[in-house]
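Report on the structure
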Amino acid sequence: MSIIGAIRLRARRRRAHLRAFMRQRELSPVADRTKKIAPQAIVLLSTVRNERVRLPYFMRYYRDLGVEHFLVVDNDSDDGTREYLAEQSDVSIWSTEASYKASRFGVDWLTHLQRRYCHGHWCLTVDVDEFLVYPFCETRPLRALTDWLDASAVRSFSAMLLDMYPKGPMQARPYHEGQNPFEIAQWFDSGNYTIQRNNWNSNLWIQGGPRARMFFRDNPYSAPALNKVPLVNWDRSYAYVSSTHMLLPRGLNLVFDEWGGEKASGCLLHAKFLDTFAVKAAEEMTRGQHYANSQEYIAYQDALASQPDLWCKFSEKYINWRQLEILGLMSKGNWA
Amino acid sequence: MSVGFVMLCHTALDRAAEVARHWAERDCPVVIHVDKRVTRLAYDGLVAMLSDLSNIRFSGRFACEWGTWGIVAATQGASTIMLRAFPEVRHVFLASGSCLPLRPVEELKAYLSTRPRVDFIESVTTEDVGWTIGGLDLERFTLRFPFSWRRRRRLFDGYVKLQRKIGYKRRVPPGLVPHLGSQWWCLTRQTLSAILESPDRADIDRYFRRVWIPDESYFQTLVRQVSTNVESRSLTLSKFDFQGKPHIFYDDHLQLLRRSDCFVARKIWPQAEKLYQNFLHGDASGQATAEPNPGKIDRLFAKAVERRIKGRPGLYMQSRMPNENYENGRTAAAYSVFEGFAELFDNFESWLGKVAGTRAHGHLYAPDRAQFAGGETVFNGAMSDSAAMRDYAPKSFLTNLIWNTRGERQCFQFGPADRQEIGWFMSLDPNAQISVISGAWIIPLFHSNQNFSDIRREAARLQKIEADHLGVLRSPWTKARVRIWSLAEFVENPMEPLQSIIDEISPRSLRRLTEAPRLADLKGFGQFLQNLRNQGMQPILMGDFPTGEDPNPTASRRGRPYLVK
């Protein structure tokens, strides 16, 4: 890469840091327990908005994996999300009424928290509807993975977003608090993903899955990106650029092997398509706070009116991570 | 007579203490070396934890940076104490803080007492075998390494390069034959003391101080001078991956470790509670006293390394995105592409599916939609038939299809009327079997009810596209199995080429084709071509059809197409 290119990327990263610095005043602490973050602790970061129903299972899932502290930004919830989280002893929560979109979809807020509290920690940045699955996740806690990544001198871990959906219309089986969402959304698309390489940022651009198949079949270019790098051994000089799809410095995006081998990777099971989705989509239409002018949601809105069934006879029913590995959606790499 | 353990520790001291206690309580003396870089507080904690045991000693501390002399110095110091303080020890076993005994100490003692003079140390000459995983081997002994590999990687590499360039070489002391091997050994008192009390030790140490990774060469080299009975293997189960770092064992390896019958394994993840519980406190006696047999574990790790280095052929995913020509297989399995067959034969797809027992698709790259077999709108892996999605990433479409249907051969039709972008990719793919009847695309035009001027224009366009495509298939870079017939050639004797294609698709069936696909009606075809010529369009790809005389195919002939009547 040319020197000018390098300077540009650095400038971009600095800009991200500056934005984060400017937007920190939008955050007001509700419960600040960051003093309790132990050295080496694995930290989870998330932005939430009206997720009260989903939170109990989400918290349990990640506590079981070995997340030790949750840093959460609450974006103007009114369903008790804030109060619920403030009560948890391993959660630090900030609230804001500012614009989600202006904060680059929460990235600025989280960048600020990452720079401030996550330096030197393995840090997992996920949404409330994203559940990390990695090789051996049934028998080995997250700490085993991060220790192994440390020993291998790897700084970032890739986990592609895997959209999960129920059979039949989404409204058919309502989601109850505390329930495993994948009891309802059990199905996924196993092999319709397209991958392109972005040489400028060294990242991959993955698209496909049920959303591309159903809502973007005539305009696949606009289908949502599924590549994610949610687990990073954070340094205060890092920054997420576009959600968790892309990082700077760009070496962190090199989560794939270019010479034929496979690096270890996981999946983020995406529990988006539940009965709560229609409500979210409707709200999003009025708020217009999502990526690319909520283009994605506009596409959903049209299709959702007809109560679509994302399921098809080639949908795959989720069993465990080994299944995802065999299907080639994730890999053990050389972790055995 | 007993065995004593020398332990080198630097992290997870509580686990090291647990293991040391296990051995000490079973009447095996232990000497512990703790890395100097460990804090005083942690060190004191360890000492306090083990203070109730009389047969544990702590040796003088050295900084053990990986690849440097410190580790050997630590081993020497601790071994000296072991030999001096515990005269009953006959074998000294070198272990690390992350080692875990897999079999009861009694079994190890019994094993060693039947082999009282044997030194278990992996020791391989540098000249014959590439023991190391990447990096240096003989040069470890002949170059100088003043820079830290961990912290000054560039200087380290640069200095090695410089020395190679100017041809600098250290002299190996006379009498020493460089050997390499695993750091973890079990030596007899005789051998170990002979090494440690050697009159030349000062000189030898001075030499090895500057050798790269001396812990994998110091004892391994010297043992050859003093021992009469070297068994070149390590009693410690320790596997290295392709980066040269040890594989780590977790709780889910419990059964695997049990069955390995090895005495000691490293390295164990410090939080593998189940492993520590089972092997340190569980009742493991009553097992057969078998020879160590790490075969299963070897295979597991060898597979893991292979996956990391070679990956699964034909897979493109988030953590495997090979550069072009490094794919180790562009696609996952063999497939067949038929060009012109569906045009020449009326029922080719259904015939093919029946005869070859494969999945026979239509034109997957047709402009309007991907024509999956059976008219499906979605296919394996939930692939969509949308032309827009396919054309958005034509390569992904093909590689996904082949990956999703592993175990079932895929066949599809292709032609100049289809999207052409995939042409190069297929021709460079050794998995592709491409059979072309050139010029057959004209048959649908021949049958169509269009104005002749439109037919002429369309024929000229398609002919140009197919000529380009054939150029690709005939290029010297092509790796696919390509067969090309002109239409005239093929029509004359269709069964023979069909038979050889089918034989290649399903070599085991070895059946003669008894049923031929139905040839399209070609009455008046020669005249049709002549009309095109008369209009100024030169149809060349079809071969020579005599005007006026209709082709007289022998396709209806049944039975053995190879028989000469």
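Owing to the predicted nature of the structure, the values given are computational and were not obtained by experimental measurement.

1. Digging into the overall build of chain A
- A tally of helices and strands in chain A yields 9 helices and 16 strands.
- Relative to its length of 336 residues, chain A is compact, with a C-alpha radius of gyration of 19 Å against a globular reference of 20 Å.
- Overall, the C-alpha framework of chain A stretches about 50 × 50 × 40 Å when taken along its three principal axes.
- A separation threshold of at least 6 residues defines the contact pool for chain A, and within that pool the share at least 24 residues apart is 72%.

2. What to know about the sheet that holds strand E12 (residues 264-265) of chain B
All names here are of chain B.
- Taken in spatial order, the 3 strands line up as E5-E12-E11 in an open sheet, and their pairing is mixed. Edge positions in the sheet fall to strand E5 (100-101) and strand E11 (236-237), since each has one partner strand and no second.
- Across 2 bridges, E5 lies against E12 in antiparallel orientation. For Pro 101, the partnering residue across the bridge sits in E12 and is Val 264.

3. Looking at helix H1 (residues 13-25) of chain B
- Between its terminal C-alpha atoms H1(B) stretches 18 Å, which fits the 18 Å expected from 13 residues at 1.5 Å a residue.
- Every buried residue belonging to H1(B) is among B:Leu13, B:Arg15, B:Ala16, B:Ala17, B:Val19, B:Ala20, B:His22 and B:Trp23, and all of these are buried.

4. Details of the environment of B:Gln538
- Checked against the element boundaries, B:Gln538 lands in the segment after helix H22 (525-534).
- On a C-alpha basis, the gap between B:Gln538 and B:Gln463 in space is 9.4 Å, while along the polypeptide they are 75 residues apart.

5. Points about the interface of chain B and chain A
- If you look at the interface, chain B gives 49 residues, while chain A gives 50 residues.
- Where the side of chain B that touches chain A is concerned, the elements lending two or more residues are helix H12 (295-309), strand E15 (378-379), strand E16 (383-384), helix H15 (387-392) and helix H16 (394-404) of chain B.
- Sorting elements by how many residues they give to the side of chain B that touches chain A places H12(B) first, with 7 residues.

6. Thoughts on the packing of helix H7 (residues 189-196) of chain B against helix H9 (residues 218-226) of chain B
All names here are of chain B.
- The interhelical angle for the contact between H7 and H9, taken along N-to-C directions, is 105 degrees, at an axis separation of 10 Å. Overall, the two elements H7 and H9 adopt an arrangement that is roughly perpendicular. Contacts from Thr 191, Ala 194 and Ile 195 of H7 reach H9 at Phe 219, Leu 222, Val 223 and Val 226.
- Considered class by class, the residues forming the contact of H7 with H9 number 6 nonpolar, 1 polar and no charged.

7. Thoughts on the domain arrangement of chain B
- Domain assignment breaks chain B into domain 1 (2-234) and domain 2 (335-534).
- Taking only C-alpha atoms into account, the centre of domain 1 of chain B sits 66 Å from that of domain 2 of chain B.

What counts and what doesn't
Residues numbered from 1 in each chain as written. Chains lettered and ligands numbered in written order. Predicted model: local features only at pLDDT ≥ 70, side-chain atom pairs only at ≥ 80, totals over all residues. Helix = DSSP H or I, 4+ residues; strand = E, 2+ residues; numbered from the N terminus. Rg over C-alpha atoms; globule rule 2.2 N^0.38 Å. Contact = placed C-beta atoms within 7 Å. Pairing = 2+ DSSP bridges. Expected span 1.5 Å × (residues − 1). Buried ≥ 20, exposed ≤ 12 C-beta atoms within 10 Å, placed from the backbone. Axes fitted to C-alpha atoms, helices over the stretch in contact; angles between N-to-C directions. Parallel < 35°, antiparallel > 145°, perpendicular 65-115°, else oblique. Nonpolar A, V, L, I, M, F, W, Y, C, P; charged D, E, K, R; others polar. Domains from an automatic or database assignment.

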